[in-house]
Amino acid sequence: MELPDLKGREEILKVHARKIKVADDVDFAQIARMASGASGAELANIVNEAALRAVRQNRPCANQSDLEESIEVVIAGYQKKNAILTDQEKWTVAYHEIGHALVAARQTQSAPVQKITIIPRTSGALGYTMQVEEGNKYLMTREEIENKIATYTGGRAAEEVAFGTISTGAANDIEQATKLARAMITRYGMSKTFDMVALETVSNQYLGGDHSLACSVQTQTAIDQQVVELVKKQHEKAAQILLDNRSKLDELARCLYEKETMTGAEFMDILNR
């Protein structure tokens, strides 16, 4: 089965919410937008986790913040309260996450930033930036995909701009950026060199999908070169955006370092003032 769309997620959340007590002002449409890509089982877990959170805090019903925090638990795991970062590590993570958010905000057609946090999670994430599409999105243009790659590289770029050095914190970003860049060339026909030629096949699409290249060794080498060039170009673009907005990068990173969590509204307020 396909993953539910925005309306489907909202209705699934409402079905599971009937089993618990929820506040009257809960906005299920907003929760559904934040849970983009979630399966039915994950949506059920979000509702159950919200109920547990309300019980732990001795409240009679689950509210909006319970459901929003539960999305983070399902996506990134519980807050790892015993994880103690050094002061330098905390600054690094703060700049890293603001780098993602700032690059996203300064590009067109990027999903709005919903939340930024540097509180470590049990999944191993030391922080993350949540972006939420305002509605269903089924197609992406070349520009949108390139902007997404640039956003993935924004964390590493911020470390380079702020400290002149790099850390291991960009491992997942590197994986996601590379995956998108390769898909642009091998599956989406967005390379001038290969035009509309399918260079990759996908089997067992609904069981995770096994990807394999269907081309010669020479073509695979050319693909690798184009992937490197594409990611490198977007990395350079991200770094330039951050250099052009250096004062805001410092101000936002300082705010995130002090507060540890920022909403998208707080982030945009500082960025635009």
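Everything below is about the structure shown above.
Now for a look at the structure at hand. (Residues numbered from 1 in each chain as written. Predicted model: local features only at pLDDT ≥ 70, side-chain atom pairs only at ≥ 80, totals over all residues. Heavy atoms only, no water.)

**Considerations on the packing of aromatic side chains**
Per the stated rule, a full pass over the model turns up 3 aromatic pairs. On the basis of an interplanar angle of 75 degrees and a centroid distance of 5.2 Å, the ring pair of Y95 and F163 is categorised as edge-to-face. Residue Y95 is located in helix α5 (residues 87-105), and its partner F163 is located in helix α6 (residues 142-163); the two are separated by 68 residues in the primary sequence. On the basis of relative accessibility, which here comes to 9%, the residue Y95 falls in the buried class. F163 gets classed as partly exposed once you look at its relative accessible area, which sits at 31%. Lying across the ring of Y257, K90 places its NZ or CZ 4.8 Å from the centre. (Phe/Tyr/Trp six-rings, centres within 6.5 Å; stacked < 30°, edge-to-face > 60°. Helix = DSSP H or I, 4+ residues; strand = E, 2+ residues; numbered from the N terminus. Buried < 20%, exposed > 50% of the residue type's maximum accessible area, 1.4 Å probe, protein only. Lys NZ or Arg CZ within 6 Å of the ring centre and 35° of its normal.)

**Re the environment of T117**
For T117, the location among the structural elements is in strand β1 (residues 113-117). Counting along the chain gives 139 residues from T117 to L256, while the straight-line C-alpha distance between them is 7.4 Å. Discounting chain neighbours no more than four positions away, the residues touching T117 are E97, G127, Y128, L256, E260 and T261. At 3.1 Å, the side chain of T117 forms a polar contact with the side chain of T261. (Contact = heavy atoms within 4.5 Å. Polar contact = N/O pair within 3.5 Å; in protein donor to acceptor, adjacent residues only side chain to side chain.)

**Things to note about unusual backbone geometry**
Residue N58 is not a glycine yet carries a positive backbone phi of 55 degrees. Along the chain, the position of N58 falls in the loop between α3 (40-56) and α4 (64-76). Here the phi dihedral of E260 falls at roughly 75 degrees; this positive angle occurs in a residue that is not glycine. Following the sequence through the fold, E260 ends up in the loop between α9 (246-259) and β5 (261-263).

**Digging into the packing of helix α7 (residues 171-186) against helix α8 (residues 217-244)**
In the contact formed by α7 and α8, the axes pass within 9 Å of each other and the chain directions differ by 125 degrees. With respect to each other, α7 and α8 are oriented oblique. In this structure, α7 meets α8 at a crossing whose hand is right-handed. The residues of α8 that touch α7, namely those facing A177, T178, A181, R182, M184, I185 and T186, are I223, D224, Q226, V227, L230 and V231. (Axes fitted to C-alpha atoms, helices over the stretch in contact; angles between N-to-C directions. Parallel < 35°, antiparallel > 145°, perpendicular 65-115°, else oblique. Left-handed = near helix turned anticlockwise from the far one by under 90°.)

**Some thoughts on the pairing of β1**
Within β1, 4 of the 5 residues are buried, which leaves it mostly tucked inside the rest of the structure. Relative to strand β2 (residues 128-131), β1 runs antiparallel, the two being bridged by 4 bridges. Each bridged residue has a counterpart across the sheet, and for V113 the counterpart in β2 is Q131. Sheet analysis places β1 next to β5, joined by 3 bridges and oriented antiparallel. Following the sheet pairing, I116 is matched in β5 by M262. (Pairing = 2+ DSSP bridges.)

**Observations concerning the sheet that holds β1**
Strand order in the open sheet formed by 3 strands is β2-β1-β5, and the pairing between neighbours is antiparallel. Since the sheet does not close on itself, it has two edges, and those belong to β2 and β5, each with one partner. Strand-to-strand twist across the sheet, computed as the mean angle between neighbouring axes with direction ignored, equals 10 degrees. Its contacts with the sheet place α4 against β1 and β2, and it is angled at close to 120 degrees to β2.

**Description of α4**
Helix length check: α4 (13 residues) gives 18 Å between terminal C-alpha atoms against 18 Å at 1.5 Å per residue, within 8%. Those residues of α4 not exposed but buried are Q64, D66, L67, E69, S70, I71, E72, V73 and A76. In this structure, the buried side of α4 is in contact with α2 (28-34), α3, β1 and β2. Just beyond α4, the residue with positive phi is G77, at close to 95 degrees. (Expected span 1.5 Å × (residues − 1).)

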